[in-house]
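# Structural overview
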2 protein chains.
Amino acid sequence: MILVLRLGHRKNRDARVTTHCGLVARALGADGIILSGERDDKIIESLEKVVEKWGGPFSVSYRRDWKRVMKEYKQKGYTIVHLTMYGEPVQEKIGELRRKDRLLVVVGAEKVPREVYDIADYNIAVGNTPHSEIAALAIFLHEYHEGRELEKKFSNAKLEIEPSPRGKTVRKIGD
Amino acid sequence: MILVLRLGHRKNRDARVTTHCGLVARALGADGIILSGERDDKIIESLEKVVEKWGGPFSVSYRRDWKRVMKEYKQKGYTIVHLTMYGEPVQEKIGELRRKDRLLVVVGAEKVPREVYDIADYNIAVGNTPHSEIAALAIFLHEYHEGRELEKKFSNAKLEIEPSPRGKTVRKIGD
């Protein structure tokens, strides 16, 4: 079970970046995302619509108190992995992390409180240079699953893409 | 040489997503990004500042006419790879693409014109399900470089991170 915790969402400024985090979490084999920061029902709805159309399972929820989420999941036996460019290289730690089957992967917004670094069991960098929490999440999940997440079949999808060298082929499932 | 072409930038709506594309291109081993769509000097400046601080080489430029860019690079011998969820699975094509040493990787915005699919030599999907052009670009580059891009040392950096399990350690280079 892999859940993603998105910290510090700001309603207007972060709408698209947070949506991308949710889409990436679903597409690359996480089981759900917990949003924190400002409550933003539009994002929850838009992610739920993607799950309805393109399949799941994938849970989307909101929790105001991110610190409590981190502590709760730790108590439940999850390993908390915070993605940050200051952390230890993913390529050195991923083998160890693959042996854990319950992860809470924390991705931050602009300013991440000090406590996140302290509560996390691992602070992990996908490249020790500035880039994007969306990309860091993507590569972390891809490395964790060793690429197998790209073959994943989603359940209860209404639509499915038929891969194509040149066109756009979408099949309605059940047709 | 790997260059990224970002299509269809809209000045207000896409500012952060396009910036993330640029940061990811640099962080994961592309040599530069060409921005298209609406001209947006702020983004160019902010990416150039990152290169100044954290090192390069990494080029940032703007070209209004994306079609011309695609055709020009094709003529120069570049292989044009368009990332789209409708395309052929990256895991099936990456071996073939690794043998090309000059790539133009095209990432779209909301609505990608039909011609992009036609001019591209490859239409490649990083998962045939909706997610994020930022994540698709990241995983494509990561797969192309087989993870070695995460070890890359940047030149002429003023700052460098010392990876750390818990803190933030930034070193000024030359100190």
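As a reminder, the structure under discussion sits directly above these lines.
Residues numbered from 1 in each chain as written. Chains lettered and ligands numbered in written order. Predicted model: local features only at pLDDT ≥ 70, side-chain atom pairs only at ≥ 80, totals over all residues. Heavy atoms only, no water.

Of the regular secondary structure elements, chain A holds six helices and eight strands. Against the 2.2 N^0.38 benchmark of 16 Å for 175 residues, chain A shows a C-alpha radius of gyration of 16 Å, consistent with a compact globule. Viewed in the frame of its principal axes, chain A has a C-alpha envelope of about 50 × 35 × 30 Å. Scored against the burial criterion, the 175 residues of chain A give a buried share of 59%. In chain A, the proportion of contacts linking residues at least 24 apart, taken out of those at least 6 apart, comes to 81%. Working note: accessible area of chain A is about 8000 Å², and carbon and sulfur atoms make up 46% of it. (Helix = DSSP H or I, 4+ residues; strand = E, 2+ residues; numbered from the N terminus. Rg over C-alpha atoms; globule rule 2.2 N^0.38 Å. Buried < 20%, exposed > 50% of the residue type's maximum accessible area, 1.4 Å probe, protein only. Contact = heavy atoms within 4.5 Å. Areas by Shrake-Rupley, 256 points an atom, 1.4 Å probe, with all protein chains shown as cover.)

What follows is about the relation of the copies chain B and chain A. Superposition of chain B onto chain A requires a rotation of 180° combined with a translation of 0.0 Å along the rotation axis, giving an RMSD of 0.0 Å. Both chain copies can therefore be described as sitting about a two-fold axis. No C-alpha of chain B lies nearer the rotation axis than that of alanine 135 of chain B, which sits 2.4 Å from it. A shared interface surface links the copies, since 98% of the contact residues of chain B are contact residues in chain A too. (Least-squares fit on C-alpha atoms with pLDDT ≥ 70 in both.)

A separate point is unusual backbone geometry. Among all residues save glycine, negative phi is the norm, and among peptide bonds the norm is trans. All names here are of chain A. Residues glycine 56 and proline 57 are joined by a peptide bond in cis, for which omega reads 0°. Tracing the chain through its elements places proline 57 in the loop between α2 (41–54) and β3 (59–62). Unlike most non-glycine residues, glutamate 146 shows phi in positive territory, near 55°. Inspection of the secondary structure puts glutamate 146 in the loop between α6 (133–144) and β7 (159–161). Under the relative-accessibility criterion, glutamate 146 is labelled partly exposed at 48%.

Next up on the list: the pairing of strand β3 (residues 59–62) of chain B. Residue and element names in this part refer to chain B. Side chains of β3 alternate between two faces, with Val60 and Tyr62 buried and Ser59 and Ser61 left unburied. When strand β2 (residues 32–37) meets β3, the two strands line up parallel, connected through four bridges. Its bridge partner lying in β3, isoleucine 34 is registered against serine 61. For the handedness criterion, the β-α-β arrangement of β2, helix α2 (residues 41–54) and β3 is classed as right-handed. (Pairing = 2+ DSSP bridges. Right-handed = clockwise from strand over helix to strand, strands pointing away.)

The interface of chain B with chain A comprises 55 residues on the first partner and 54 residues on the second. For the chain B and chain A pair, buried surface summed over both sides reaches about 4600 Å², with 59% attributable to carbon and sulfur atoms. Scanning the region where chain B abuts chain A turns up two salt bridges. Close ionic contact of arginine 16 of chain A with aspartate 14 of chain B constitutes a salt bridge, the shortest N to O distance being 2.5 Å. At the boundary of chain B with chain A, the tally comes to 24 residue pairs in polar contact (both at pLDDT 80 or more). Elements that contribute at least two residues to the side of chain B that touches chain A include exactly α1 (15–27), α2, β4 (79–89), α4 (90–98), α5 (114–119) and α6 (133–144) of chain B. Of the residues contributing to the side of chain B that touches chain A, the split by class is 25 nonpolar, 13 polar and 17 charged. (Buried area = accessible area lost by both parts, 1.4 Å probe. Salt bridge = Lys/Arg side-chain N within 4 Å of Asp/Glu carboxyl O. Polar contact = N/O pair within 3.5 Å; in protein donor to acceptor, adjacent residues only side chain to side chain. Nonpolar A, V, L, I, M, F, W, Y, C, P; charged D, E, K, R; others polar.)

Note on placement: serine 155 of chain B falls in the loop between α6 and β7 (159–161). Along the backbone, serine 155 of chain B and isoleucine 2 of chain B are 153 residues apart, and their C-alpha atoms lie at a distance of 17 Å.

The analysis is restricted to geometry; functional conclusions fall outside its scope.
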